[in-house]
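# Structural description and commentary
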Amino acid sequence: MRMGRLIVIDGLDGSGKSTQLDRLCEYLDNRGTSYKRICFPDYKEPSSTLVKMYLAGEFGGTPDAVNAYAASSFYAVDRYASYKRFWEEDYRAGRLILAARYTTSNAIHQMAKLPEAEWDGYLAWLEEYEYGRLGLPRPSRVIFLDMPPAVSQRLLSRRYAGDESRKDIHERDRAYLLRCRETALYAARRLGWEVVPCAREEEPLPEEEITGRLIQLTEKD
C-alpha cells in the first residue's frame, strides 16, 4: 500500500508556523493540490487536556516542573488520538499531510530539559516510542523555521498586545526558549531536518521569502 507524504513545519513559539502554513496551503489550493492540514496540539479536542493543563502551569509553574518523558507522553497521546480519528485513512490512501508541529516538537521542547549527554538517548527513545510503539507515521520531511528567540519574543509580545500574562509556561521562559533553539538545531543535524532561517540582523525576513523556501522544500522529491 502506498502511504502518503507527511511534511512537518516546526519551530519555536513565535516563529510563524501558522502564518507560513496558511500561505503554503493557499499556494497548494491555487495549484489544485490535494492535501490535509493538521496542527498540534489539537486544542479543540479532549486528547489535548493534559497538554493544556501542563502549559497552564497546573503541574508546576515552569517547564522543568514536568520531566521530559512525562510531558512528551502528554503530547504523544494527543497526536495518537488525532492520527487514529482524523487522518490515518488519508495518509494510508497516499494523500499529502501537512502538519504544524509533530513528534519533532518533543525533540525541541522536551529534550531541552535534559543535559546534553542525554540528548542522543532521548532522541532514540522518542523515535521508538512514537513511531515504534505508538505506530505514528515518520515524517517524509521536517522543516524547522529558525527564528532567533530574541525576535520571536518580540513577535509574541505583539501577538498578545504586550500582555505577558497570556503567555504559557514555555512562551514566558526566555532561558528555556534559548535551550530549545539549541536542542532544535542539534536534532536537525542528527535527524536530517531542513533548517530555514527566518531572520536577518535581528529582524524577521519577509513572509513571502520564507514561503518561497517552504514551497521549494514541499515540492522537492
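Use the structure listed above.
Note that the coordinates shown come from a computational prediction; the quantities given were computed from them, not determined experimentally. Here the residue index of a chain counts from 1 through its sequence in written order. In view of the model being predicted, local features appear only for residues whose pLDDT reaches at least 70, and side-chain atom pairs are presented and counted only at 80 or more, with totals across whole chains, interfaces and linings using the full set of residues. With hydrogens and water stripped out, all remaining heavy atoms of the structure feed into the side-chain values.

### Some words on the side chain of Asp146
Here Asp146 lies in strand E4 (residues 141-146). The contacts of Asp146, once residues within four sequence positions are left out, are Arg181, Leu185, Val195, Val196, Pro197, Cys198 and Ala199. Helix and strand assignments follow DSSP, with helices taken as H or I runs no shorter than four residues and strands as E runs no shorter than two, numbered in order from the N terminus. Throughout, a residue-residue contact means that at least one pair of heavy atoms, one from each residue, lies within 4.5 Å.

### Observations regarding helix H1 (residues 17-31)
One less than the residue count of a helix, multiplied by 1.5 Å, gives the span that helix is expected to have. Between its terminal C-alpha atoms H1 stretches 21 Å, which fits the 21 Å expected from 15 residues at 1.5 Å a residue. Among the residues of H1, Lys17, Gln20, Leu21, Leu24, Cys25 and Leu28 are the ones counted as buried. All buried residues of H1 fall inside an arc of 135 degrees around its axis, so they share one side. Along its buried surface, H1 packs onto strand E1 (5-11), strand E2 (35-39), strand E3 (96-100), E4 and helix H8 (207-219). Note on H1: the residue one or two positions beyond its end, Gly32, has a positive phi of about 75 degrees. Only protein chains enter the accessibility calculation, which uses a 1.4 Å probe; a residue whose area is less than 20% of its type maximum is buried, one above 50% is exposed, and one in between is partly exposed. Arc, as used here, means the arc of the directions from the helix axis to the C-beta atoms.

### Things to note about the packing of helix H3 (residues 68-92) against helix H5 (residues 119-133)
Every angle, taken between N-to-C directions, lies between 0 and 180 degrees, and every axis is a line fitted to C-alpha atoms, over only the stretch in contact when it is a helix. Between H3 and H5, the shortest axis-to-axis distance is 11 Å and the interhelical angle comes to 30 degrees. By the angle between their axes, H3 is roughly parallel relative to H5. Handedness of the crossing formed by H3 with H5: right-handed. Residue-level contacts link Ala68, Tyr69, Ser72, Ser73, Ala76 and Arg79 of H3 to Tyr122, Trp125, Tyr129 and Glu130 of H5. For classification, angles of less than 35 degrees are called roughly parallel, those exceeding 145 degrees roughly antiparallel, those between 65 and 115 degrees roughly perpendicular, and all remaining angles oblique. By convention the crossing between two helices is left-handed if the near helix lies anticlockwise of the far one by an angle smaller than a right angle, and right-handed if it lies clockwise.

### As for the packing of aromatic side chains
The pairing test for Phe, Tyr and Trp rings, Trp by its six-membered ring, is centres within 6.5 Å, and the orientation test on the planes gives stacked under 30 degrees, edge-to-face over 60, and tilted for anything in between. Scanning all chains against the criterion turns up 13 aromatic pairs. Seen in terms of ring centroids, Phe40 and Tyr102 are 6.0 Å apart; in terms of plane orientation they differ by 50 degrees. Their pairing is tilted. Of this pair, Phe40 sits in the loop between E2 and helix H2 (49-55) while Tyr102 sits in the loop between E3 and helix H4 (103-109); the two residues are 62 residues apart in sequence, bridging distant segments of the chain. Following the ring pairs from residue to residue traces out a cluster consisting of Phe40, Tyr83, Trp87, Tyr91, Tyr102 and Tyr131.

### Details of the sheet that holds E3
Whether two strands pair depends on DSSP finding at least two bridges between them. Pairing is parallel in the open sheet, where five strands are placed in the order E2-E3-E1-E4-E5. The two strands at the open ends of the sheet, each matched to only one other strand, are E2 and strand E5 (194-197). On average, each strand axis in the sheet is inclined to that of its neighbour by 20 degrees, with strand direction left out of account. Pairing geometry for E1 and E3, over five bridges, is parallel. When the sheet's bridge partners are listed, Ile9 is paired in E3 with Ala100. Contacts from helix H7 (residues 174-191) reach E4 and E5, with the element oriented near 145 degrees to E4.

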